[in-house]
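Residue-level structure breakdown
So the chains spell out like this:
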Amino acid sequence: MWALTSLLLVGVAQAAIPNAMLRGMPSLPKVPVPERSITSPNGTALPNITTVYHFDQLIDHNNPGLGTFKQRYWMNWEYYEPGGPIVFMTPGEVNAEDYVGYITNDTINGLIAQQQNGAAIIIEHRFFGFSNPYDNLKSQSLALLTIQQAIDDLVYFATTADLPMPGGDAVKPSQAPWIILFQHDDRLKSKPGIFWAGYGSSATVQTITYVASLQSLQTSIELLLSSSKHSDYYNYFTPIREYMPQNCSSDVQAVIAYLDQMYAANDTAGIQTLQEAFALGSLGHVGDFATALQYNLWDWQSLDPDVGPGSMFYQFCDALEVKDGVNAGPGGWGLEHAINSWGNFWNTTYYNQICQDQGVEACLGTFVLTDPYWTNVTVNNSGRSWFWLVCNQIGFYQVGPPEGQPAIVSRILQPSFVERQCVNMFPEAFSSPPEPPTAETNAMYAGWNVNIPRLFFANGLRDPWRGGTVSADGLNKPNTTSMPIYMSDGFHCSDLITDNGIIDPTIAVVQEAGLRYMKEWLAEWKPSA
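Below is a summary of the structure that appears in this document. All of these numbers come straight from a predicted model, not from anything done at the bench.

Let us now look at the sheet that holds strand S3 (residues 86–89). One open sheet holds the eight strands; their spatial order is S1-S2-S4-S3-S5-S6-S9-S10, and the pairing between them is mixed. A single partner strand is all that each edge strand has here, and the edge strands are strand S1 (53–58) and strand S10 (485–488). Strand-to-strand twist of the sheet, defined as the mean angle between neighbouring strand axes without regard to direction, takes the value 25°. Strand direction decides the pairing type here: S3 and strand S4 (residues 119–123), joined by four bridges, are parallel. Following the sheet pairing, Phe 88 is matched in S4 by Ile 121. Against the sheet, helix H4 (residues 147–160) makes contact with S1, strand S2 (68–76), S3, S4 and strand S5 (178–182), and its axis sits at roughly 115° relative to S1, the strand it touches most.

In structure tokens form, the structure reads like this:
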């Protein structure tokens, strides 16, 4: 979602939660931890890769006197030989213990380590999982959750950590090359000499802003580069609309258009009838109903090339488009059938999947401010920590598109609907709905203007976050040997998973290119004097 201005590259969907930005937060595909013993190249048995290590990280890089906190990390040195690189990643705004598989060769991280005789590390992001400077997630504590503090965490780790492997005290960036892999929320302050090379998978380098009446893709890009207005990322849904089954897209658009027409006409009775078709009649605000309809679309982000018809997203489309064993044509079955079949899917399958035994308002409502969702400040609450970043620095509100563009998401949902929720969750920090300073963020970290040597970008055509990457439609970022840009037919971060290259040849091309560039660039590295 934003820019990188040096080789300090930082990587920065979950259960039923009532906020659009939280449900659609960027996340890596999960990789199972292999059930095998780990040995070094000389045959020495190594610790299980699920072993947790702790690093004494600075609470505040601007005030080291505040002390340190325990930051968790995991490491695998089964391929390491002296002189090899350190392959480094944070899996982002999550509890990192679910992503330990990323230090094995089931991922591009491990493939790089294997090819280059390196070691692989993942480190947990501050204020996520159990890497917390304080024992709560109150606004006062979260004041130290910023992009720059997270970047500085990675630098401080790389330059001071003594790693648990043999010789791990002699692999600082001046002594060994460090490669950083990153995906979401990557903004880099210029600190040359820390990371020799980088691999960005679905890396969102630009925070997206919106000015009304975008007339064309090229105009959109120009305005986005200069705008300081709302953080409106309606383009999250563009690849979904373009690459989902066309009949499914047609019927979803029909239902959304019907809802928006009734809202414009103030037809509250009609809206109530529509909500009741989904068994959501008790939702007191139409914005919450419009958000609920997004949930089926957010399931797209969890797709991978090996995901078949059994996935929740395709179950949803089949429910709309297969009638008496017959598939609808490109135009779908039409509004009446779409309402009935979509509503029935919620009634029989989807509501239980996302809400389980919660009531409608408790699961999907956003207006009851005493709900624990807004007030729970205990640690290991990724949604709350993520939303702090959303409200303060990055925006990316996933809302309806401007008039005149196809809509699979209701235009009832505007940035103000999400900004209101920042006040709900952080009343001590916001007395009124904030507008995240995305223009300032892009100016500080370069955004789409990123130009860093030895930085490899891998993007996916079907990734809903592609609009914030260097492969955004209309951007036409040059592909160079110094900063290569590759794109597969994949989804979000599909190139990170080794097996996806076996299934999809376009992903194999990206993976092979990434490995080739890492080999070339590492051959150029020399230790500092």
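Think of a pair of aromatic rings as described by two things: how far the centres are apart, and how the planes are tilted against each other in angle. For the coordinates displayed, the defined rule picks out 37 aromatic pairs. Plain terms: the ring middles of Phe 55 and Tyr 156 are 5.8 Å apart, the flat faces sit at 55° to each other, and that makes the pair tilted. A residue pair is termed long-range when its members are at least 10 positions apart, and Phe 55 in strand S1 and Tyr 156 in helix H4 qualify at 101 residues. For Tyr 156, a relative accessible area of 27% translates into the label partly exposed. By the ring-pair criterion, three or more aromatic residues cluster together here, those being Phe 278, Phe 289, Trp 300, Phe 313, Tyr 314, Phe 316, Trp 342, Phe 345, Trp 346, Tyr 350 and Phe 491.

Turning next to helix H9 (residues 286–298). Residues lying three or four places apart along an α-helix face the same way, a consequence of the helix completing one turn every 3.6 residues. Over its 13 residues, H9 extends 19 Å from the first C-alpha to the last, a length consistent with the 18 Å expected when each residue adds 1.5 Å. With 13 of its 13 residues buried, H9 lies for the most part within the structure.

Moving on to the state of the cysteines. One pass over the full model with this rule turns up three disulfides. The disulfide partner of Cys 355 is Cys 363, and the gap between their sulfur atoms is 2.1 Å. Judged by the torsion about the S-S bond (-75°), the Cys 355/Cys 363 disulfide is left-handed. Note on Cys 355: relative accessible area 2%, which makes it buried. With a sulfur-sulfur separation of 2.0 Å, Cys 391 is cross-linked through a disulfide to Cys 422.

Further remarks concern the side chain of Asp 495. Tracing the backbone through its elements, the reader meets Asp 495 in the loop between S10 and helix H17 (500–503). Within the buried set, Asp 495 has no salt-bridge partner at all; the shortest N-O distance to an opposite charge, 12 Å, is to Arg 466. Filtering out sequence-adjacent residues up to four positions away, Asp 495 remains in contact with Ile 108, Tyr 199, Ser 201, Ala 458, Ile 507, Val 510 and Gln 511.

Inspection of the entire model under this criterion finds eight salt bridges. A salt bridge links Arg 36 to Glu 78; the nearest nitrogen and oxygen atoms lie 3.1 Å apart. Taken together, the residues Arg 36 in the loop between helix H1 (20–23) and S1 and Glu 78 in the loop between S2 and S3 connect sequence positions 42 residues apart. With a relative accessible area of 9%, Glu 78 lands in the buried category. The salt bridge involving Asp 56 is made with Lys 70; its shortest N-O contact spans 2.6 Å. One end of the pair, Asp 56, is in strand S1; the other, Lys 70, is in strand S2, and 14 residues separate them in sequence. You can call Asp 56 partly exposed: its relative accessible area is 38%. Look at the salt bridges and you will find they share partners, linking Arg 72, Glu 97 and Glu 124 into a network.

What follows is about the nonpolar core. What tends to happen in soluble globular proteins is that the nonpolar side chains get buried as a cluster. Met 244, Leu 280, Trp 346, Leu 364 and Phe 457 are the most contacted members of the largest nonpolar core, which has 94 residues in total. Top contributing element to this core by residue count: helix H11 (residues 335–355), with nine residues. Core analysis: the next-biggest nonpolar cluster, separate from the first, contains 63 residues, Tyr 73, Met 75, Ile 122 and Val 171 among them.

The rules we used
- Residues numbered from 1 in each chain as written.
- Predicted model: local features only at pLDDT ≥ 70, side-chain atom pairs only at ≥ 80, totals over all residues.
- Heavy atoms only, no water.
- Pairing = 2+ DSSP bridges.
- Helix = DSSP H or I, 4+ residues; strand = E, 2+ residues; numbered from the N terminus.
- Axes fitted to C-alpha atoms, helices over the stretch in contact; angles between N-to-C directions.
- Contact = heavy atoms within 4.5 Å.
- Phe/Tyr/Trp six-rings, centres within 6.5 Å; stacked < 30°, edge-to-face > 60°.
- Buried < 20%, exposed > 50% of the residue type's maximum accessible area, 1.4 Å probe, protein only.
- Expected span 1.5 Å × (residues − 1).
- Disulfide = S-S within 2.5 Å.
- Lys, Arg positive; Asp, Glu negative; His and termini not counted.
- Salt bridge = Lys/Arg side-chain N within 4 Å of Asp/Glu carboxyl O.
- Core = buried A, V, L, I, M, F, W, Y, C linked by side-chain atoms within 4.5 Å.

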